[in-house]
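Structure assessment
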Amino acid sequence: MFITLEGSEGVGKSTLIDLLKDYFSDKKIDFLFTREPGGTKEGQAIRKILLDKSIELNSYSETFLILADRYEHINKIINPALKKNQNILSDRYIDSTLAYQGAGRGIDQKELEFLMNLLNYPKPDLTIYLDLSVEEGLNRVKKRGKSDRFEKEDLIFFEKIRKFYLKLVTANPEKYFLIDASKPIDEVFDLAKNCILSKLNEK
Ligand code: Z5A
């Protein structure tokens, strides 16, 4: 089972993943948790460049770095895990590229799809999307302190990203599970956990 988690800044993905890790480990259900960018050693080096506020990147250079990270991730982590029939949950995946580089940076969606198809990537069985107003997400991130290269973007950038995600999720209800991330974290966790368990039972 291949699950991905998506959403804009500060929606609570990392917080939710920590709770899911504890839950599945307690229940002795094997789950591999990984993330993009930075799911591999090579990806961690790429992640440093991507998040470094002092580095100016053209939108295409940013995209190529994201795709290099993903290629490493697919070949070194995701495909081997799927081959072993392991459950895997990735914090961000292809939809992040369509949302951030496509809707956010303005790269044509067809171009992005062409580039991503070169990666021959496995498709997720389920994507959980955490939805939150841009203002609330950025406020949460601000409280946490220090921002990265993406978080210094303006409100309009993140509004475009959220609008894109919502369009994608509404158009494909069979693939996506939307959670209102303004709910208390224990409710968000229950909704995500129950959705994953029912998907696991289906398989
Ligand atoms: N990126 C891209 O552009 N294209 C791509 O294809 C990919 C990625 C794959 C990765 O950075 C960046 O890469 C990302 C997009 C870009 N943009 N940025 N920035 P990252 O992994 O460091 O950042 P992130 O994925 O956006 O995660 P984040 O900023 O760390 O947010 P989060 O993990 O969703 O939130 P959190 O840390 O769990 O929570 C934030 C705060 O809110 C924290 O203080 C929590 O205690 C609090 N919180 C969490 N849940 C709740 C609830 N339910 N209520 C109240 N407070 C809460």
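To be clear, the structure that these remarks concern was listed above.
Here is a short report on the structure shown in this document.

**Some points on the packing of aromatic side chains**
- Per the counting criterion, the structure on display carries ten aromatic pairs.
- Geometrically, the ring pair formed by Phe24 and Phe31 is tilted, given 4.6 Å between the ring centres and 40° between the ring planes.
- Residue classification places Phe31 among the buried residues on the basis of a relative accessible area of 11%.
- Arranged with centres 6.3 Å apart and planes meeting at 85°, the rings of Tyr93 and Tyr121 form a pair that is edge-to-face. Of this pair, Tyr93 sits in the loop between strand E3 (87–91) and helix H4 (94–104) while Tyr121 sits in the loop between helix H5 (109–117) and strand E4 (126–131); the two residues are 28 residues apart in sequence, bridging distant segments of the chain.
- A network of ring pairs unites the aromatic residues Tyr23, Phe24, Phe31, Phe33 and Phe189 as a single cluster.
- In this structure, Arg70 is placed above the aromatic ring of Tyr93, and the distance from its NZ or CZ to the ring centre is 5.6 Å.
- Sitting above the plane of the Tyr121 ring, Lys123 keeps its charged end 4.7 Å from the centroid.

**Points about the site of the ligand**
- Lining the immediate environment of the ligand, one finds 27 residues, of which Glu9, Lys13, Ser14, Thr15 and Thr97 sit closest.
- The separation between an oxygen atom of the ligand and a polar side-chain atom of Lys13 is 2.6 Å.
- The contact in question runs from a nitrogen atom of the ligand to an N or O atom on the backbone of Lys183, over 2.9 Å.
- Burial of the ligand by the protein chains amounts to 83% of its free accessible area of 1,000 Å².
- A majority-of-atoms criterion places the ligand in the largest pocket.
- Looking at the shell around the ligand, the elements with two or more residues in it are helix H1 (13–26), helix H2 (41–51), helix H3 (59–83), H4 and helix H6 (134–144).
- The greatest single-element share of the shell around the ligand, amounting to four residues, is contributed by H4.
- Its residues placed into classes, the shell around the ligand shows nine nonpolar, seven polar and eleven charged.

**Topic: the pairing of strand E1 (residues 2–7)**
- The buried fraction of E1 is high, at six of six residues.
- The alternating pattern of E1 places Phe2, Thr4 and Glu6 and Ile3, Leu5 and Gly7 on opposite faces, both of which are buried.
- Two elements, E1 and E3, share four bridges in a ladder whose sense is parallel. Residue pairing across strands places Phe2 opposite Ile88, the latter belonging to E3.
- Looking at chain direction, E1 and E4 are connected through five bridges and run parallel. In the strand pairing of E4, Ile3 is matched with Leu126.

Definitions and limits used
- Residues numbered from 1 in each chain as written.
- Predicted model: local features only at pLDDT ≥ 70, side-chain atom pairs only at ≥ 80, totals over all residues.
- Heavy atoms only, no water.
- Phe/Tyr/Trp six-rings, centres within 6.5 Å; stacked < 30°, edge-to-face > 60°.
- Buried < 20%, exposed > 50% of the residue type's maximum accessible area, 1.4 Å probe, protein only.
- Helix = DSSP H or I, 4+ residues; strand = E, 2+ residues; numbered from the N terminus.
- Lys NZ or Arg CZ within 6 Å of the ring centre and 35° of its normal.
- Near = heavy atom within 4 Å.
- Polar contact = N/O pair within 3.5 Å; in protein donor to acceptor, adjacent residues only side chain to side chain.
- Areas by Shrake-Rupley, 256 points an atom, 1.4 Å probe, with all protein chains shown as cover.
- 1 Å grid on protein atoms, 1.4 Å probe; cavity = no way out; pocket = protein on both sides within 12 Å on 5 of 7 lines; lining within 4 Å.
- Sits in = over half its atoms within 2 Å of the grid points.
- Nonpolar A, V, L, I, M, F, W, Y, C, P; charged D, E, K, R; others polar.
- Pairing = 2+ DSSP bridges.

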